[in-house]
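# Inside the fold
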Protein chains: 4
Amino acid sequence: MDDIPQETLKLKLRQIIFGTDTKAGRYFDISLIVCIVLSVALVFVDTIDSIHSRYGEWIRIAEWCFTGIFTIEYLLRLYCSALPVQYARSFYGVVDLLSILPSYLALIFPGANFTLVIRVLRLFRIFRVLKLLRYLSEGNLLLRAMIQSSRKVFLFFFSVSLIVMVLSAIMYVVEGPEHGFTSMPKSIYWTIVTITTVGYGDITPQTTLGQGIAALTMLIGYSIIAIPTGILTSEISQEMVRKKDLRRCSNCLKMGHEVSALYCDKCGSELETDL
Amino acid sequence: MDDIPQETLKLKLRQIIFGTDTKAGRYFDISLIVCIVLSVALVFVDTIDSIHSRYGEWIRIAEWCFTGIFTIEYLLRLYCSALPVQYARSFYGVVDLLSILPSYLALIFPGANFTLVIRVLRLFRIFRVLKLLRYLSEGNLLLRAMIQSSRKVFLFFFSVSLIVMVLSAIMYVVEGPEHGFTSMPKSIYWTIVTITTVGYGDITPQTTLGQGIAALTMLIGYSIIAIPTGILTSEISQEMVRKKDLRRCSNCLKMGHEVSALYCDKCGSELETDL
Amino acid sequence: MDDIPQETLKLKLRQIIFGTDTKAGRYFDISLIVCIVLSVALVFVDTIDSIHSRYGEWIRIAEWCFTGIFTIEYLLRLYCSALPVQYARSFYGVVDLLSILPSYLALIFPGANFTLVIRVLRLFRIFRVLKLLRYLSEGNLLLRAMIQSSRKVFLFFFSVSLIVMVLSAIMYVVEGPEHGFTSMPKSIYWTIVTITTVGYGDITPQTTLGQGIAALTMLIGYSIIAIPTGILTSEISQEMVRKKDLRRCSNCLKMGHEVSALYCDKCGSELETDL
Amino acid sequence: MDDIPQETLKLKLRQIIFGTDTKAGRYFDISLIVCIVLSVALVFVDTIDSIHSRYGEWIRIAEWCFTGIFTIEYLLRLYCSALPVQYARSFYGVVDLLSILPSYLALIFPGANFTLVIRVLRLFRIFRVLKLLRYLSEGNLLLRAMIQSSRKVFLFFFSVSLIVMVLSAIMYVVEGPEHGFTSMPKSIYWTIVTITTVGYGDITPQTTLGQGIAALTMLIGYSIIAIPTGILTSEISQEMVRKKDLRRCSNCLKMGHEVSALYCDKCGSELETDL
């Protein structure tokens, strides 16, 4: 790890840009994250009318600076990557490209109506922030618990969507277009608003029967929230227990023994007791 | 399983329509599901005014095609079933009939006012989607956990409904008809809207005392959601542990080994491996 | 239990009215519950204007019938109780009296303004339904889990009320009376509506800073719901495990051993293994 | 503990003011808490217009009395503390100072516009109530569970805020300023209102596409609430088990006995009893 005497520029750059184990690599990553957060904040702040009218010009300049920085970064990544095509096709490669493209497209197509679409694409720069996740390795336990429980959660959501459809149909017929339930999609929207206990109040049942069914919908929503919580809690508990005892048998290398086990339950050799 | 040399048409059909273990049977089921989803989507889309006025005629034709398909399917099921009467009386038999009936009833009673009722009945076709559940066998653990905890959950809902009634009565007296609490049913509706934390805002307390009781109602609702979650989580955890390993050591009779264990970690004798 | 040859009327009545282990006692309880539920339903239905104006007279007569039944029941309980004073002072004794009192009070004070207060008191009859809880013995586990966790839940609610007060004060200053936050009690009401995720929308923040603090309040409310759930779930899990192994030591009569225990951990004598 | 024959005034005062193990110390603490609660209640009640106009003068006098009491308490704490500078810089030292400062500042700067700021600062007195937490020692288990799970919860909130930003950007573009989504901060506010299932209804999606994305937002919010609950529940369960018994059998070194166990259930030797 300390005898890398002769390296080409490409290798050095790769170590800085893609690597995270050298000092330079860490500094590069941190300054990149700062740039990403700042550029996203800029786009957000620019949507406020009072700020746009006063500092709009300055924001436009800062915007181009960030676009320049991200363009250089993208080209450097393409240049120094061992597999440039694979990088360009990867999730982060596409996100990197999408985050610089809108600014250039605005130059080529200067139409007035095009501005809105550009703005949408420009917001994709948010996805760059997702890169931050690279720097947090804690999420594995959570992710594993979620993958373990995904089948059960899918089944739960499938059942819920059936309940939602049935309730939507009933409410559509009971309340009807005159009380805001103008179509089935709108009725489904109302049912989801109600079953998730959001309750905007933009569409509310007016008839007594409708209010009764609405109350039932709420109680269903209130109760079934217990199900995914129960599934996930059980999985997380199990993942924690699994992680808990990481003692490795010195004979057969098996890990994950019970905390109270004295002998390896695979080969029978004695286990170390360190706590 | 591979020597069924001579079969009548009935047996072959039964294997295709009711069975799921042959290639033809699986293809039949999948195409049936596609038909059900499409026909439900059609009914949903038809409720949107702009689509109904433009494509209404096409949807009516497609509607009749689906009705034809489901009629043929229903008759075939009746024909090839080993116990036709039992099928007709079963849950899916009734749903199958209800999903085709409305279209035919609309022909017999062509009254204008009758259309709405037909529409309601036609929406029952949604229940056909429940058949999809047949194809998911994961739900057993969840279902068992829910059945195990049903007594406790019932007791919980009984207590909640008592609390709801008491709070409704108090709010009805405190706020009164002039603030929207026109009757006890309406007051119960408000209490359920509040205790489930839905909070439409169509009826809100106006007096200071009423707002205090409302705040109490919210805190009750916010707290007691923990109870069904706690019940269900504990049950799911136990079901998972129960499922985890039911192998019994033939030597020392110890149960509850880890799923991957080959030897009993108490006496060292070998365990059966059946999974 | 089967040699009670000579009983006075009092003893027989007590067995019927207070007891639940004879056939007559069970019939008495069930018909009483039916009466309570019917009388409560009557009071509820009477608050609906259209029903009150049409069937008001009939409801008033039924009301008096139920008052008569409950008066007779109350007097019988006083007569046959072994400790009449103790019964009259007990929770159910007071509730029984309160549920019949309002109707008689309305006769003595026939003032028009007095009607509303009478109505409030009459609604106390709902509490009679609480007697139904006598017939459900499942609730012990839940109750024990809640008592076990009451200290932690109290601490939780104390912390939450401090957070609510601080947030209310900040919002009162930030938004001020012109945006609906007219006083601290109103601001506290808003904070509870928000932190419990009810969200009526009758008072909403208008300034950008206020909306930021509101968003923070929501996130706090959304997160801390996990705490009581976590406390209660853990307690219920432990109660279930505790209940699980009910083996009694034949030597010292201790119950609640660990499932895997072979010897009693109190006196050391061997335990039976029956599963 | 009973031979403290000669003490200076300072030591005695310190024992009363900072200590809680003498009778005088406990009385001092309790009367201090009563004063804090009363003074906070006074500030709250003063914000109600009808009370302020009628009793405003009396409240101002009571306010000054409390300020006097708290000033004396603060000076005494500084005088008798073993480390006065350390106390003045500690959390409670700063809070104690902040709770008396506003009243004096109002004398020095009697400007009319300054009143509001004074009121804000005066509300900091609420934080004094936090001192009450000193008197509850139950919170350790909860706190430890929260610290243990803080990394996972932080990761969760980081992911949620990314999801919130992406959904806000999409809704800002889809709905636009004409439907209330006037800027990105407002759009973020709406997303948090929706994802936490608060649902004020002050800003609601109007377009069909917007309602679809809103429904998705609600379902995300409804589902992910399971994650912090799962994390915390698992941690609390583990903390409870950990707390349950840390006694180690001196013979076989087995840990994790039941709290009530007198003998080790593995080897039968007696256990220490320290609780």
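The name given to chain A in an unreviewed UniProt entry is Ion transporter, with Shewanella marisflavi as the source organism. Chain A has a UniProt comment under Subcellular location (unreviewed entry) that states "Membrane".

Turning our attention to the overall build of chain A. On a plain count of helices and strands, chain A comes out with twelve helices and zero strands. Going from N to C terminus, chain A has its helices and strands arranged as α-α-α-α-α-α-α-α-α-α-α-α. The buried share of chain A, taken over its 275 residues, is 44%. When contacts within chain A are restricted to residue pairs at least 6 apart in sequence, long-range pairs at least 24 apart make up 54% of them. About 14400 Å² of surface is accessible on chain A, with carbon and sulfur atoms providing 66% of the total.

Residue and element names in this part refer to chain A. In the structure shown here, the tally under the stated rule is zero disulfides over all chains. Unpaired in terms of disulfides, Cys65 finds its nearest cysteine sulfur in Cys35, a separation of 10 Å. Assessed through its relative accessible area of 46%, Cys65 is described here as partly exposed.

Let us now look at the nonpolar core. Judged by nonpolar contacts, the single largest core of 111 residues is most densely connected at Met218(A), Met218(B), Met218(C) and Met218(D). The residues touching Met218(B), leaving out its near neighbours within four places in the chain, are Thr194(B), Tyr189(C), Ile192(C), Val193(C), Thr196(C), Val198(C) and Tyr200(C).

Before going further, it helps to spend a moment on the side chain of Ser81(C). All names here are of chain C. Looking at the secondary structure, you find Ser81 in the loop between helix H3 (49-80) and helix H4 (84-89). Polar contacts involving the side chain of Ser81 include one to the main-chain amide nitrogen of Leu83, which spans 3.2 Å. For Ser81, the contacting residues outside a window of four places in its chain are Arg14, Phe18 and Tyr87.

Attention shifts here to helix H9 (residues 184-195) of chain B. Compared with an ideal rise of 1.5 Å per residue, which puts twelve residues at 16 Å, H9(B) spans 16 Å between its outermost C-alpha atoms and is within 8% of the ideal. For H9(B), the tally of buried residues reaches nine of twelve residues, placing the bulk of the element in the interior. Buried residues of H9(B): Met184(B), Ser187(B), Tyr189(B), Trp190(B), Thr191(B), Ile192(B), Val193(B), Thr194(B) and Ile195(B), and no others. Where H9(B) is buried, its residues meet helix H11 (208-224) of chain A, helix H8 (150-175) and helix H10 (208-224) of chain B together with helix H2 (23-46) of chain C. Just past H9(B), the residue Thr197(B) takes up positive phi, approximately 60°.

On to the pattern of salt bridges. Residues and elements named next belong to chain D. Taken as a whole and assessed by the stated rule, the structure comprises eight salt bridges over all chains. Note that Glu57 is salt-bridged to Arg60, the shortest N-O span being 3.6 Å. Taken together, the positions of Glu57 and Arg60, both in helix H3 (residues 49-80) and three residues apart, correspond to about one turn of that helix. Using a relative accessible area of 47% as the deciding quantity, one classes Arg60 as partly exposed. Note that Glu73 is salt-bridged to Arg77, the shortest N-O span being 2.5 Å. Linking Glu73 with Arg77, this pair stays in helix H3, spanning four residues, or about one helical turn.

The next point concerns the environment of Ala145(D). All names here are of chain D. Positionally, Ala145 belongs in helix H8 (residues 140-148). Residue class for Ala145 comes out buried when judged on its relative accessible area of 0%. When sequence neighbours within four positions are dropped, the list of residues in contact with Ala145 reads Leu232, Glu235, Ile236 and Glu239.

In this section: the environment of Gln238(D). Among the structural elements, Gln238(D) can be located in helix H12 (residues 226-244). In this structure, the C-alpha to C-alpha distance between Gln238(D) and Gly212(D), residues 26 residues apart in sequence, is 40 Å.

The next point concerns unusual backbone geometry. Phi is positive for Thr197(A), which is not a glycine, with a value near 60°. Tracing the chain through its elements places Thr197(A) in the loop between helix H10 (184-195) and H11.

What follows covers the confidence of the model for chain A. The pLDDT averaged across chain A works out to 75; a share of 71% of its residues lies at or above 70. Our summary of model confidence lists the complex with pTM equal to 0.78 and ipTM equal to 0.75.

A word on the packing of helix H1 (residues 9-17) of chain C against H3(C). Residues and elements named next belong to chain C. With their axes 9 Å apart at the nearest point, H1 and H3 run at an angle of 125° to one another. The angle between H1 and H3 places the two elements in the oblique class. The crossing of H1 and H3 is left-handed. Contacts between H1 and H3 involve Leu9, Lys10, Leu13, Arg14 and Ile17 on the former and, on the latter, Leu76, Arg77, Tyr79 and Cys80. Taken together, the residues of the contact of H1 with H3 break down into six nonpolar, no polar and three charged.

All right, on to the packing of aromatic side chains then. Within the structure shown, the criterion is met by 17 aromatic pairs over all chains. Measuring from ring centre to ring centre gives 5.3 Å for Phe156(B) and Phe157(B), while their planes differ by 75°; the resulting arrangement is edge-to-face. With relative accessibility at 5%, the residue Phe156(B) sits in the buried group. Judged by its relative accessible area of 24%, Phe157(B) falls in the partly exposed class. Residues Tyr74(D) and Tyr87(D) carry aromatic rings whose centres are separated by 6.1 Å and whose planes lie at 45° to one another, so their mutual orientation is tilted. Of the two residues, Tyr74(D) sits in helix H3 while Tyr87(D) sits in helix H4 (residues 84-89), which places them 13 residues apart along the sequence.

Residues and elements named next belong to chain B. In this fold, Tyr104 is placed in helix H5 (residues 91-108). For Tyr104, a relative accessible area of 32% translates into the label partly exposed. For Tyr104 and Ser149, which are 45 residues apart along the polypeptide, the C-alpha to C-alpha distance reads 43 Å. Excluding its chain neighbours within four sequence positions, the residues that come into contact with Tyr104 are Trp64, Thr67 and Thr71.

What follows covers the packing of H3(C) against helix H5 (residues 91-108) of chain C. Residue and element names in this part refer to chain C. One way to put it is that H3 packs onto H5 with a least axis distance of 10 Å and a crossing angle of 135°. By the angle class used here, H3 and H5 are oblique. Considering the relative orientation of H3 and H5, their crossing is left-handed. Side by side, H3 and H5 meet where Glu63, Trp64, Thr67, Phe70, Thr71, Glu73, Tyr74 and Arg77 of the first sit next to Gly93, Asp96, Leu97, Ile100, Ser103, Tyr104 and Leu107 of the second. When grouped by side-chain class, the residues that make up the contact of H3 with H5 number seven nonpolar, four polar and four charged.

With that out of the way, let us pick up a nonpolar patch on the surface. Residues Trp64(B), Tyr104(B), Leu107(B) and Ile108(B) make up a contiguous nonpolar surface patch of about 400 Å² in total accessible area. Per element, the largest residue contribution to the nonpolar patch is three residues, and it comes from H5(B).

Quick look at the UniProt feature "transmembrane region" (unreviewed entry) in chain A now. Sequence positions flagged by UniProt for "transmembrane region" (unreviewed entry) are, in local numbering, residues 30-49, 61-79, 99-121, 153-174 and 213-234 of chain A. A helix fraction of 100% and a strand fraction of 0% characterise residues 153-174 of chain A, whose end C-alpha atoms lie 31 Å from each other.

The next point concerns the side chain of Thr196(C). Mapped onto the fold, Thr196(C) is located in the loop between helix H10 (184-195) and helix H11 (208-224). Beyond its immediate chain neighbours, meaning those up to four positions away, Thr196(C) contacts Thr197(B), Met218(B), Leu219(B) and Tyr222(B).

With that out of the way, let us pick up helix H5 (residues 91-108) of chain A. With 18 residues, H5(A) extends 26 Å between its outermost C-alpha atoms, agreeing within 8% with the 26 Å of an ideal straight helix rising 1.5 Å per residue. Of all bends in H5(A), the biggest is about 35°, found at Leu101(A), and the proline Pro102(A) comes one to four residues later.

Definitions and cut-offs
Residues numbered from 1 in each chain as written. Chains lettered and ligands numbered in written order. Predicted model: local features only at pLDDT ≥ 70, side-chain atom pairs only at ≥ 80, totals over all residues. Heavy atoms only, no water. UniProt positions renumbered as here; feature names shortened; annotations may be inferred. Helix = DSSP H or I, 4+ residues; strand = E, 2+ residues; numbered from the N terminus. Buried < 20%, exposed > 50% of the residue type's maximum accessible area, 1.4 Å probe, protein only. Contact = heavy atoms within 4.5 Å. Areas by Shrake-Rupley, 256 points an atom, 1.4 Å probe, with all protein chains shown as cover. Disulfide = S-S within 2.5 Å. Core = buried A, V, L, I, M, F, W, Y, C linked by side-chain atoms within 4.5 Å. Polar contact = N/O pair within 3.5 Å; in protein donor to acceptor, adjacent residues only side chain to side chain. Expected span 1.5 Å × (residues − 1). Salt bridge = Lys/Arg side-chain N within 4 Å of Asp/Glu carboxyl O. pLDDT = per-residue confidence, 0-100. Axes fitted to C-alpha atoms, helices over the stretch in contact; angles between N-to-C directions. Parallel < 35°, antiparallel > 145°, perpendicular 65-115°, else oblique. Left-handed = near helix turned anticlockwise from the far one by under 90°. Nonpolar A, V, L, I, M, F, W, Y, C, P; charged D, E, K, R; others polar. Phe/Tyr/Trp six-rings, centres within 6.5 Å; stacked < 30°, edge-to-face > 60°. Patch = residues over 30% accessible without salt bridge, like charges linked within 9 Å, V, L, I, M, F, W, Y side chains within 5 Å. Bend = angle between axes of the 7 residues up to and from the residue.

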